[in-house]
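Structure at a glance
So you can see what is in the structure, the chains are spelled out below.
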Amino acid sequence: AQSVTQPDIHITVSEGASLELRCNYSYGATPYLFWYVQSPGQGLQLLLKYFSGDTLVQGIKGFEAEFKRSQSSFNLRKPSVHWSDAAEYFCAVAPLGTSGTYKYIFGTGTRLKVLA
Amino acid sequence: DTGVSQDPRHKITKRGQNVTFRCDPISEHNRLYWYRQTLGQGPEFLTYFQNEAQLEKSRLLSDRFSAERPKGSFSTLEIQRTEQGDSAMYLCASSLFGAPYEQYFGPGTRLTVT
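Residues numbered from 1 in each chain as written. Chains lettered and ligands numbered in written order. Predicted model: local features only at pLDDT ≥ 70, side-chain atom pairs only at ≥ 80, totals over all residues. Heavy atoms only, no water.

Residue and element names in this part refer to chain A. Side chains Ile11 and Val13 project from strand S2 (residues 10-14) onto a buried face, and the interleaved His10, Thr12 and Ser14 project onto a face without burial. As paired elements, S2 and strand S12 (residues 110-115) share 5 bridges and run parallel to each other. Along S12, the bridge assignment pairs serine 14 with leucine 115. (Buried < 20%, exposed > 50% of the residue type's maximum accessible area, 1.4 Å probe, protein only. Helix = DSSP H or I, 4+ residues; strand = E, 2+ residues; numbered from the N terminus. Pairing = 2+ DSSP bridges.)

All right, on to the nonpolar core then. Of all hydrophobic cores here, the largest spans 26 residues; its most connected members are Leu19, Trp35, Leu47, Leu48, Phe74, Leu76 and Tyr89 of chain A. Counting residues per element, the ones that place at least two in this core are S2, strand S3 (19-21), strand S5 (32-38), strand S6 (44-50), strand S8 (64-68), strand S9 (73-78), strand S10 (87-94) and S12 of chain A. Here the element with the most residues in this core is S10 of chain A; it accounts for 4 residues. Core analysis: the second largest hydrophobic core is formed by 19 residues, Phe21, Cys23, Leu46 and Ala88 of chain B among them. (Core = buried A, V, L, I, M, F, W, Y, C linked by side-chain atoms within 4.5 Å.)

To continue, consider the packing of aromatic side chains. The geometry of an aromatic ring pair is captured by the separation of the ring centres together with the interplanar angle, meaning the angle of the planes. Residues and elements named next belong to chain A. Overall, the coordinates contain 23 aromatic pairs over all chains when judged by the stated rule. Where tyrosine 50 meets phenylalanine 67, the ring centres are 4.7 Å apart and the plane angle is 25°; that geometry is what we call stacked. On the criterion of sequence distance, the pair formed by tyrosine 50 in strand S6 and phenylalanine 67 in strand S8 is long-range, its members being 17 residues apart. Residue classification places tyrosine 50 among the buried residues on the basis of a relative accessible area of 4%. (Phe/Tyr/Trp six-rings, centres within 6.5 Å; stacked < 30°, edge-to-face > 60°.)

Next up on the list: the pattern of salt bridges. Summed over all chains, the structure comprises 10 salt bridges over all chains. For arginine 22 of chain A, the salt bridge is made with aspartate 8 of chain A, and the minimal N-O distance between the two is 2.9 Å. Here arginine 22 of chain A, found in the loop between S3 and strand S4 (24-26), pairs with aspartate 8 of chain A, found in the loop between strand S1 (3-5) and S2; they are 14 residues apart in sequence, far enough to count as distant. Its relative accessible area of 38% is what places arginine 22 of chain A among the partly exposed residues. What makes aspartate 8 of chain A buried here is its relative accessible area of 17%. A salt bridge links glutamate 83 of chain B to arginine 64 of chain B, with the nearest nitrogen and oxygen atoms 3.4 Å apart. (Salt bridge = Lys/Arg side-chain N within 4 Å of Asp/Glu carboxyl O.)

In structure tokens, the structure reads:
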């Protein structure tokens, strides 16, 4: 079955420190990959996406993610975290060509806390 | 572009009551999705519309749930005879036909069933 695993439920970092959020997926082929951020009271906002090509993807708000096929991973990184980055982060996959629905399968999320 | 809007933002209801949520997608988006997010979980797919046609429903969508998108614009999600297990955030998303993988999410409707 297709699944997305985010092994870290909570992560705490100090402001200015670097950040890496882990995401692993289980799927027969390379799906499309996404990272979304959800702030309290807000909808999910797309940070970045990977479809094909360069395995290092740049997104908004200074985030980037690296796709590693051999590890079935799509980890999110930021070199220097800001207090406003405190939120919940979701990794998602969209399996290709199964039903034409293009629905997402989400991980369980990682809640990021930033210390001043 | 005003984004995806959802109404109401919060709903508290007693078990057994019916509730209806509304989603207004971005105006030119013809694909519309409903997801449900329970506490501590990521969103789970419920159903999908392309224009007014409901093309897929998840097994999560029991017979008590019904969704419509009558004119291919806004959509409604109705839950009949609510149960405590229905308490969740209900998220709506929309996308362009030509960019189906770029889904834009609304702020959600948080349902609490007492």
